[in-house]
Amino acid sequence: ASVLSGGAPLAGWSPVADADGARLANGWPAGAVLAADAREWPVEIKGVRAGGALLNRSRFPALHGDGLDTPNWLFAQAWSVPGNASAPGRHAAWIGIDGAKLRPPPTARADPLSALLGAYTHVLGCGEADVNSQLTKVVAVRNGSATAPPSALPSALPVPPSAAAQDGPALQVLFRNTFTVHQRFFLENVGWALSPGHFFHDEAAGVLYAWPADAAQRAALMGGEAVVPVLDRLVDLNGSSHVVVSNLTFADTTYYADGFWDGPAMQPSDAAVRLSYCHDVTVEACNFLASCGGHAVAVGNASRDCAIVGNLVDGVGQGGVVLYGKDSATPLPPNPKRGTAGGNNSQPRRVNVAHNVMQDLGRVLVHVAGVALRSASGCVVAHNRVQRCPRYGLQADSFYTTQNSLDNVFEFNILADTNRLTTDTGAIEMLGSGNPGLCGNGSAGWFTNNTVRFNNISHTVGSSSSDGSHVCVHGAGGPPGSCRGLVWGVYLDGGMSGATVHGNVIGATLHGAVFDNAGGNNSITNNVFVGGAGSSVLMNFGTAGGPANPDPVSGVVPSRDIAGSTVKRNIFYFGAGMGADGGVAGRAAAVASMVPWQDEELKNNGSNFNLFFAEEFDAAAVPLFPGGRNLTSWRAGKAPPSLLRCADGARASLVLSEDCSWAWELRADGDEAGVRLAPSAATVAARPFAAGVVVSIDCEGDWAHCSDPAGARTRVCMDAPHGALPVRNQAWSLGADATLRQLGGGACLQVCVRGGDVGGCNGKAGSILQLAACTGADNQRWSLGNGTALRPLGSASKGLCASPPPQAPFSSGADEHSIVADPLFVNPLRGDFRVAAGSPALKLGFEPIPPIEAPTARCAGGVSCLAMALRAVSTSGRSSDVLQM
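Residues numbered from 1 in each chain as written. Predicted model: local features only at pLDDT ≥ 70, side-chain atom pairs only at ≥ 80, totals over all residues. Heavy atoms only, no water.

Visitor: Help me understand the overall build of the protein in this model?
Guide: Counting secondary structure elements, the protein contains 10 helices and 69 strands. For the protein, with 885 residues in total, the buried portion stands at 59%. Contacts in the protein between residues far apart in sequence, at least 24 positions, make up 74% of those at least 6 positions apart. In the structure as shown, the protein presents an accessible area of about 31,400 Å², 54% of it carried by carbon and sulfur atoms. (Helix = DSSP H or I, 4+ residues; strand = E, 2+ residues; numbered from the N terminus. Buried < 20%, exposed > 50% of the residue type's maximum accessible area, 1.4 Å probe, protein only. Contact = heavy atoms within 4.5 Å. Areas by Shrake-Rupley, 256 points an atom, 1.4 Å probe, with all protein chains shown as cover.)

Rendered as structure tokens:
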């Protein structure tokens, strides 16, 4: 009685006959696959449960290992047509596929490409590489210029001549945004990819096929224990008050989200339990199991004073708990592209999410969190254990000014093994999209009053793919330079302001323990940051929020005292495995920046009373701070000259300068033999920081941009030489017509003149260099000898030369009272980062962090929660027996 199932039995299973057409077409072994008539089934079949075992939808490539690395993926080929990101609703796109990678069983008779009609593509990277995902049905296939069979759904995107010329196979899908060429994806519901423990739904024939993994699954199917989800929700409370939902097990729900900007939360929000316009409703001691296709709980539509407490969420298709809504009405117009409207006073408030275990989330869709606030205010998320997630552990997002997540507290949570499938992410993410001066929906700007305190964060993974061949998992698995390491423990992104990060123990990740980007007035205090060999950056900054966000009315740039952040009384600890040269080799950084350092990142005297220590190198001597500075020079505010690189963003673009002392040469070098444009030996001798770089083209996140002969959406900047990549973005040729052609796409280097008298684009000093279609125009002609300046021949730029942009000098220092000393942790090798009574950190004002505790589940480490819960219900009648508090 305590199990609520949203499924219905599907009976009538029988072995597929040896002469069955589907078996022969797909190459299934004789006698292995069972079939059931599903012609009358009311919804599309997206899940099958056989007793206590879950069968997954067939996929290709087959799941390999933990599902993260390269063998699990295909890659969108160069002849893909990603579609139109600005088009409303769904629009047609073509995903180019490497036909040689399609490997059906050798006995399969069906054409492997044509058989993908009706399958699903699950693309990682919608709108931005490696971030969102979208699960989209294949409505047509083509091989070269021939489209067959025609789409049965509305799609009007022809095959462009440039794509047809590639003669590459492709899958047509109806997207709601766009994907990135070379981005990874896999296929679902593929007949010839059916394997043990999986099912395949042939919608056209109305037959469900299943290949049992073992005798127990086969007996369950044949014995009438097959359950297929029908409902997408099991408890739907609307306008309810003083209700307790307790001691129930939820199973067998379907889902309707496809992944990108879905529904009212603007990310997937299907759920087994939904609360709308509720007050004082509690969901406690329940199990949400792997046969649930959506979230466990969704709370929206002005619900107040509710609680989600003491539940187990295991293996569900989306996330754990999602809260969604908007602030009170504002004059801002709706945004039809995102399907959003102005504020409507619908956001949840004062919701308590505590003492839950959430693990192995995102089985169906990956852009989810253990707990997501999109948006909600006055909520407490405490004492939860969130582990093994494809993206965030905890999330609180604001979209100024209609959706502001304010006054929330994330505390005493244990987060491990998060962000397994995505990048540009954090175990805890707080986003402030828009101008921080507008946060609070009319109240004081630069202050969301969100708090992240006393959490334990470890092993934030991060996966990315950018070269069309490899997937990097935690910075490894791809060629040098191809891994995107945009992963942090706490990610304060895009204008998040007025947040407090206090008393946390954070294992650093690929780019830092904490990232403070484009916002400010954040307080990062009393934390323990733990770095190691593969996670050597601790406090990381992006663009300074003040200069990036002038007052929307007056245009005045907020001062450092308003927009700068504070970093005080933290312990910066570099553990074992880095070696004596850990800092000298540039692998370690206590404070770093993704862009050239700006003093506006910090308030005046904003970084102080911190403790720095490294087990294997001298943290006082090595350069752990921006600009290659050690602690002494960081305090003094001085730094040696340095060079902006492509990763530093738009400000790294090469410019015209009156300084013609930069000399260049075309030289043979590595994979770009004979064509790299690099600083000359004399220039490097005068500027040692210019060693080891060449003129490169930044593709702005998509290799196709560098292949574009028009040169659109690229930047000309300096970078380290790389090995073979999908395009030759570091290859140049000086033609007889004096044009300097970039060989990756054939565009030409030119001086930007499109801005008329606008500085930076008027052909005068400070104008950027860019790529454009080769026309031989006056601003595309250059003079370059071996070891000479690169001079434009255009009449508007006489006397000027090409050079990297100047970098602003550093000014005020920091950390006047910070020290280098052993913090005297109790047992750092075992993860015990309590400080002993005599720790020098205590003299700096560091306060001991209280115990961080959260429940655990008995069903972990390979024990099936689904089987265990159903067994517990059948014997004791208490589903809560699965959760150990």
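Visitor: What should I look at first to understand the state of the cysteines in this one?
Guide: A covalent bond between the sulfur atoms of two cysteines is what we call a disulfide. Inspection of the entire model under this criterion finds 6 disulfides. Two residues share a disulfide in this structure: Cys472 and Cys483, whose sulfurs sit 2.1 Å from each other. The chirality of the disulfide connecting Cys472 with Cys483 is left-handed, given an S-S dihedral of about -75°. Note that Cys472 is positioned in strand β40 (residues 472-473) and Cys483 in the loop between β40 and β41 (487-493), a separation of 11 residues in sequence. When its relative accessible area of 27% is taken as the criterion, Cys483 is described as partly exposed. Covalently, Cys699 is tied to Cys706 through a disulfide, its sulfur atoms 2.0 Å apart. (Disulfide = S-S within 2.5 Å.)

Visitor: I keep staring at the nonpolar core and nothing clicks. Help me out?
Guide: The nonpolar side chains of a soluble globular protein tend to be buried with one another. One finds Phe250, Leu275, Phe288, Val297, Val490, Phe574 and Leu624 to be the most contacted residues of the largest nonpolar core, which totals 78 residues. Those residues in contact with Phe288 that sit more than four places away from it in its chain are Phe250, Ala272, Val273, Val283, Ala296, Val297, Asn311, Leu312, Val313, Asp314 and Val316. Core analysis: the second largest hydrophobic core is formed by 28 residues, Leu643, Trp732, Leu749 and Leu771 among them. (Core = buried A, V, L, I, M, F, W, Y, C linked by side-chain atoms within 4.5 Å.)

Visitor: Looking at this model, I keep getting lost on the sheet that holds β41. Mind explaining?
Guide: Sheets are built from strands paired through backbone hydrogen bonds, the pairs being either parallel or antiparallel. The strand order β18-β21-β24-β27-β30-β33-β36-β41-β44-β47-β50 describes an open sheet built from 11 strands, whose pairing is parallel. Only two strands of the sheet have a single partner each, and these edge strands are β18 (235-238) and β50 (589-593). Adjacent strand axes in the sheet meet at a mean angle of 15°, parallel and antiparallel pairs treated alike. Bridge count between strand β30 (residues 369-374) and strand β33 (residues 392-399): 4 bridges; the pairing is parallel. From the neighbouring strand, Val371 faces β33, where its bridge partner is Leu394. (Pairing = 2+ DSSP bridges. Axes fitted to C-alpha atoms, helices over the stretch in contact; angles between N-to-C directions.)

Visitor: Just to check I follow, could you spell out the side chain of Ser465 for this structure?
Guide: Among the structural elements, Ser465 can be located in the loop between β39 (463-464) and β40. Look at Ser465 and you get buried, because its relative accessible area is 2%. At 3.0 Å, the side chain of Ser465 forms a polar contact with the side chain of Gln183. The residues touching Ser465, leaving out its near neighbours within four places in the chain, are Phe75, Asp130, His182, Gln183, Arg184, His470 and Val471. (Polar contact = N/O pair within 3.5 Å; in protein donor to acceptor, adjacent residues only side chain to side chain.)

Visitor: I keep staring at the side chain of Gln77 and nothing clicks. Help me out?
Guide: One can find Gln77 in the loop between β8 (74-75) and β9 (91-96). Ignoring anything within four residues of it in the chain, the contact list for Gln77 reads Gly96, Ile97, Asp98 and Val181.

Visitor: I tried to follow the environment of Val366 on my own but got confused; where do I start?
Guide: Its location among the elements puts Val366 in the loop between β29 (357-359) and β30. The exposure class of Val366 is buried, given its relative accessible area of 3%. When the C-alpha atoms of Val366 and Leu124 are compared, they prove to be 8.4 Å apart, with 242 residues separating the residues in sequence. With sequence-adjacent residues up to four places away left out, Val366 is seen in contact with His122, Leu124, Ser133, Pro390, Arg391, Leu421 and Thr422.

Visitor: I would appreciate a short explanation of the confidence of the model for the protein in the present structure.
Guide: For the protein, the mean per-residue pLDDT works out to 87, and 89% of the residues sit at or above 70. A low-confidence stretch, residues 331-340 stays under pLDDT 50, and its non-local contacts, those more than four residues away or across chains, total 14 contacts. Note on residues 879-885: pLDDT under 50 across the span, and 33 contacts to partners over four residues away in sequence or across chains. (pLDDT = per-residue confidence, 0-100.)

Visitor: Help me understand helix α3 (residues 215-222), please; the structure alone is not making it clear to me.
Guide: Turning to α3, its buried residues are Gln217, Ala220 and Leu221. Within α3, the buried residues cover an arc of 95° as seen down the axis, which keeps them to one side. Turned more than 90 degrees from where α3 packs its buried face, Ala215 and Ala216 sit exposed. On its buried side, α3 packs onto β4 (34-37), β5 (48-50), β6 (53-57), β16 (207-211) and β17 (226-229). The backbone nitrogen of Ala216 lies 3.2 Å from a side-chain oxygen of the residue at the head of α3, namely Asp214. Within two residues after α3, Gly224 carries a phi angle of roughly 85°, on the positive side. (Arc of directions from axis to C-beta.)

Visitor: What should I look at first to understand the sheet that holds strand β2 (residues 7-9) in this one?
Guide: The strand order across the open sheet formed by 8 strands is β2-β17-β5-β6-β15-β16-β4-β3, and the pairing between neighbours is mixed. Looking at which strands have only one partner, the edges of the open sheet turn out to be β2 and β3 (14-15).

Visitor: Just checking my understanding: could you explain the pattern of salt bridges for this structure?
Guide: Once their charged atoms are close, side chains differing in charge can pair, the charge on each being opposite to the other. Summed over all chains, the structure comprises 19 salt bridges. Between Asp305 and Arg350 there is a salt bridge, and its shortest N-O distance comes to 2.8 Å. Here Arg350 lies in the loop between β27 (321-324) and β28 (352-354) and Asp305 lies in the loop between β24 (295-300) and β25 (307-309), a separation of 45 residues in the sequence. Asp305 gets classed as partly exposed once you look at its relative accessible area, which sits at 29%. Among the charged side chains, a network of salt bridges with common partners joins Glu44, Lys137 and Glu203. (Salt bridge = Lys/Arg side-chain N within 4 Å of Asp/Glu carboxyl O.)

Visitor: Would you explain unusual backbone geometry in this entry?
Guide: Among all residues save glycine, negative phi is the norm, and among peptide bonds the norm is trans. Looking along the chain, the bond that leaves Phe60 and enters Pro61 is cis, with omega of -5°. Relative to the elements of secondary structure, Pro61 occurs in the loop between β7 (59-60) and β8. Looking along the chain, the bond that leaves Arg374 and enters Ser375 is cis, with omega of 5°. Tracing the backbone through its elements, the reader meets Ser375 in the loop between β30 and β31 (380-382). The residue Asp360 is not glycine, and still its phi comes out positive at about 55°.

Visitor: How should I be thinking about the packing of aromatic side chains in this particular structure?
Guide: Given two aromatic rings, their pairing is described by the distance between the two centres and the angle made by the two planes. Applying the stated rule across the entire model yields 22 aromatic pairs. Ring centres of Tyr573 and Phe825 lie 5.2 Å apart, and the angle between their planes is 85°; on these two criteria the pair is classed as edge-to-face. Residue Tyr573 is located in strand β49 (residues 571-574), and its partner Phe825 is located in strand β66 (residues 825-827); the two are separated by 252 residues in the primary sequence. Its relative accessible area of 10% is what places Phe825 among the buried residues. Between Phe825 and Phe833, the ring centres sit 5.1 Å apart and the planes meet at 90°, which makes this aromatic pair edge-to-face. Through pairs of rings, three or more aromatic residues link up here, namely Phe529, Phe541, Phe572, Trp597, Phe612, Phe625 and Trp634. (Phe/Tyr/Trp six-rings, centres within 6.5 Å; stacked < 30°, edge-to-face > 60°.)

Visitor: Where do I start with the pairing of strand β38 (residues 456-460) in this structure?
Guide: Bridge count for strand β35 (residues 414-418) against β38 is 4 bridges, and the pairing is parallel. What sits directly across from Thr418, in β38, is Thr460. Where β38 lies against strand β43 (residues 505-507), 2 bridges are found, and the strand directions are parallel. Paired with Ile457 across the strands is Ile506, a residue of β43.

Visitor: Would you mind showing me how to read the environment of Asp822 here?
Guide: Mapped onto the fold, Asp822 is located in the loop between β65 (819-820) and β66. Between the alpha carbons of Asp822 and Ser839 there is a distance of 7.7 Å; along the sequence they are 17 residues apart. In contact with Asp822, not counting residues within four places along its chain, are Phe613 and Pro840. Only 2.8 Å separates the side chain of Asp822 from the backbone nitrogen of Leu824, close enough to count as a polar contact.

Visitor: I would appreciate a short explanation of the pairing of strand β15 (residues 198-202) in the present structure.
Guide: Each regular strand carries side chains that alternate between the two faces of the sheet. Counting buried residues along β15, 4 of its 5 residues qualify, which places the element largely inside the surrounding structure. Direction of pairing for β6 relative to β15: parallel, over a ladder of 2 bridges. Bridge assignment links Asn56 to a residue of β15, and that residue is His198. Across 5 bridges, the pairing between β15 and β16 is antiparallel. Note that in β16 the partner of Asp202 across the bridge is Val207. Linking β15 back to β16 in an antiparallel pair, the connection comprises 4 residues, with Gly206 at a positive phi of about 70°.

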